[in-house]
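Residues per chain, in single letters:
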Amino acid sequence: MEKVSNSGIIVPSQLFYILFVSRLFSLLLSSGSVLNLAVKVLLSFLLCFLAYIVGKADVRRIRYLLYGLSAAVIIAGVIEYIAFLSKETQPDVPHWAVVLLLAIAVFYAARLGIQPLARFSAFCMVLLVIGLLLVVISNLKGVHLYHLKATDTEIKIVWYEWISLLDLPLLYLLLQRRCNDRTDKPLFWSVTSAGVAALLIYSLCLAVMGTAVRHYDYPVFHLFQLAGIGSFTRLDIFMTGNELLGLFLQSAVLISAAATMEKERKREKN
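None of these values were measured; they are calculated from a predicted model. All chains use their own residue numbering, which begins from 1 and follows the written sequence. Only residues with pLDDT of at least 70 get local features here, since the model is predicted, and only at 80 or more are side-chain atom pairs given and counted; chain-wide, interface and lining totals rely on the full set of residues. As a convention, hydrogens and water are excluded, and side-chain values are obtained from all of the structure's heavy atoms.

Draft legend 1. Structural view of the overall build of the chain. Counting from the N terminus, the helices are the DSSP runs of H or I reaching at least four residues and the strands are the DSSP runs of E reaching at least two. The secondary structure content of the chain amounts to 10 helices and zero strands. Order of helices (α) and strands (β) in the chain, N terminus to C terminus: α-α-α-α-α-α-α-α-α-α. Here the globule rule is a power law, 2.2 Å times the number of residues to the power 0.38, and the radius of gyration is based on C-alpha atoms. Taking 18 Å as the expected radius of gyration for a compact globule of 270 residues, we find that the chain reaches 19 Å, a close match to that expectation. Along the longest, intermediate and shortest principal axes, the C-alpha atoms of the chain span 65 × 35 × 30 Å.

Draft legend 2. Layout of empty space enclosed by the protein. Of the grid points, spaced at 1 Å and generated over the protein atoms alone, those admitting a 1.4 Å probe that cannot get out make up cavities, while open sets with protein on both sides within 12 Å along at least five of seven lines make up pockets; any residue with an atom within 4 Å of a point is treated as lining. Grid points are joined across faces, edges and corners, and a volume is the space filled by probe spheres set on the points. The tally for this structure, following the rule as stated, stands at three cavities of 30 Å³ or more. Mapped onto the lining of the largest cavity, the elements with two or more residues apiece are α1 (12-27), α5 (114-139) and α10 (236-269). By residue class, the composition of the lining of the largest cavity is six nonpolar, one polar and one charged. Any residue outside Ala, Val, Leu, Ile, Met, Phe, Trp, Tyr, Cys, Pro, Asp, Glu, Lys and Arg is labelled polar, Gly included; the first ten of those are nonpolar and the last four are charged.

Draft legend 3. The arrangement of the confidence of the model for the chain in detail. Within a predicted model, pLDDT stands for the predictor's per-residue confidence, ranging from 0 to 100. Predicted confidence across the chain gives a mean pLDDT of 85, with 91% of residues reaching 70 or more. The least confident element of the chain, judged by mean pLDDT, is helix α9 (residues 219-226) at 84; the most confident is helix α7 (residues 167-175) at 93. Note on residues 1-6: pLDDT is under 50 here. Beyond four places in sequence and across chains, it has 15 contacts. Contacts were defined at the residue level, with two residues in contact if any of their heavy atoms lie within 4.5 Å.

Draft legend 4. Broad picture of the packing of aromatic side chains. Each Phe, Tyr or Trp ring (for Trp, its six-membered ring) is paired with any other whose centre lies within 6.5 Å, and the angle between the two planes then decides the class: stacked below 30 degrees, edge-to-face above 60, tilted in between. Applying the stated criterion across every chain yields a total of 11 aromatic pairs. Ring pairs connect the aromatic residues Tyr81, Phe84, Tyr218 and Phe221, which therefore count as one cluster. Note on geometry: a ring has a charge over it if NZ (lysine) or CZ (arginine) is within 6 Å of the ring centre and within 35 degrees of the ring normal. Looking at Lys40, its charged tip hangs above the ring of Trp162, at a distance of 5.4 Å from the centre.

Draft legend 5. Quick look at the environment of Val136. Mapping Val136 onto the fold places it in helix α5. The spatial distance from the C-alpha of Val136 to the C-alpha of Leu204 is 7.7 Å, given a sequence separation of 68 residues. Ignoring sequence-local partners within four residues, the contact set of Val136 consists of Ile201 and Leu204.

Draft legend 6. The nonpolar core, seen in detail. Counting residues in each nonpolar core, the largest one holds 80 residues, and the members touching the most others are Leu24, Leu28, Phe84, Leu223 and Met239. When residues in this core are grouped by element, the largest group, 12 residues, is from helix α8 (residues 184-209). With near-sequence residues (within four places) excluded, Leu24 lies in contact with Leu128, Leu132, Ala194, Ala197 and Ala198. To define a nonpolar core, start from buried Ala, Val, Leu, Ile, Met, Phe, Trp, Tyr and Cys residues and group those joined through side-chain atoms within 4.5 Å. Per-residue accessibility, obtained with a 1.4 Å probe over protein chains only, is compared with the maximum for each type, and a residue is labelled buried under 20%, exposed over 50%, and partly exposed between these values.

Draft legend 7. Up close: α1. Taking 1.5 Å as the rise per residue, α1 with 16 residues should run 22 Å; its terminal C-alpha atoms sit 22 Å apart, in good agreement. Here α1 lies mainly inside the structure; 13 of its 16 residues are buried. The span you would expect from a helix comes to 1.5 Å times its residue count less one.

Draft legend 8. Layout of the pattern of salt bridges. A pairing counts as a salt bridge when a side-chain nitrogen of Lys or Arg comes within 4 Å of a carboxyl oxygen of Asp or Glu. With the rule as written, the count across this model stands at seven salt bridges. When the shortest N-O distance is used, the salt bridge between Glu262 and Arg63 registers 3.8 Å. Here Glu262 is found in helix α10, whereas its partner Arg63 is found in helix α3 (residues 63-89), with 199 residues between them in sequence. Of the two residues, Glu262 and Arg63, neither departs from the other in class, the shared state being buried. Of the charged contacts, one joins Glu264 and Arg178 as a salt bridge, the two residues approaching to 2.6 Å between their closest N and O atoms. Within this pair, whereas Glu264 is found in helix α10, its partner Arg178 is found in the loop between α7 and α8, the two being separated by 86 residues in sequence. Each of the two residues, Glu264 as well as Arg178, counts as buried.

Draft legend 9. Region of the structure containing the packing of α8 against α9. At a minimum axis separation of 9 Å, α8 and α9 run at an interaxial angle of 60 degrees. Read as a crossing pair, α8 and α9 show a hand that is left-handed. Between α8, through Ile201, Tyr202, Leu204, Cys205, Val208 and Met209, and α9, the contact on the second element is made entirely by Pro219, Val220, His222, Leu223 and Leu226. The residue inventory of the contact of α8 with α9, partitioned by class, reads 10 nonpolar, one polar and no charged. Each axis is a line fitted through C-alpha atoms, and for a helix only the stretch in contact is used; angles between axes span 0 to 180 degrees, taken between their N-to-C directions. For any helix crossing, the convention is left-handed if the near helix is rotated counterclockwise from the far helix by under a right angle, and right-handed if that rotation is clockwise.

Draft legend 10. Just the packing of α1 against α10, in detail. Interhelical geometry of α1 versus α10 gives an angle of 125 degrees and a closest axis separation of 9 Å. As judged from the angle between their axes, α1 and α10 are oblique. For the element pair α1 and α10, the recorded crossing hand is left-handed. For the pair α1 and α10, contact is made by Ile18, Val21, Ser22, Phe25 and Ser26 and by Glu243, Gly246, Leu247, Leu249, Gln250 and Val253, respectively. A breakdown of the residues in the contact of α1 with α10 according to their chemical character gives six nonpolar, four polar and one charged. The cut-offs work like this: below 35 degrees is roughly parallel, past 145 is roughly antiparallel, 65 to 115 is roughly perpendicular, and the gaps in between are oblique.

Below, the structure is given as structure tokens:
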């Protein structure tokens, strides 16, 4: 596979951070049963395997398809986050204001290039891991294993959640030529670890909340609300913030990578 010769090269660990944060961002907002989540994890893995096969060829031949799908993923991600804010945290905040501020930040970050975004992904990864560890540790006292029998088999179809499954394949196809080493390990480790982490967190939701988990649109968010460390009882801010950072990182990388690919094509054409 041909590598780019100009600046903007990232290392495999940075590719892993970008892919992991992007995938877990969507999975933690998943609605429905644990079976619903398991189906998404399996489908995400299959899509990543397909992307790995497609990536062996010159993906610039299908660049317009990648650009269109990237736009669809960004729109789906924004709608997903707005729906989350409306139902759980800030129902009175104007949607247009959130979208406008996010768009300004995303386009500014996209102009900076892949390398700054790749470095920022490590920061997002650290915050995400810290938030998950805190919510797991603080909820262990409320675990009741017999609640795990209460799982159901509902498959919930929310269109923007399923479109978001394209995020990892698209990020991989747009970024693979910019990585200075093998890209297969970051791809498969990210989709596997994000899927396992999401399933474990959702199982913790079930073990803590039991059948009540079915009544929540975002059970993971309510798990964060139940968590608390000492006098700090607002761990839900970790999820709200991490979800925003995940959406920001995913959108900025998709736009920046697509713009870079298009610039390189025009440069080679001239």
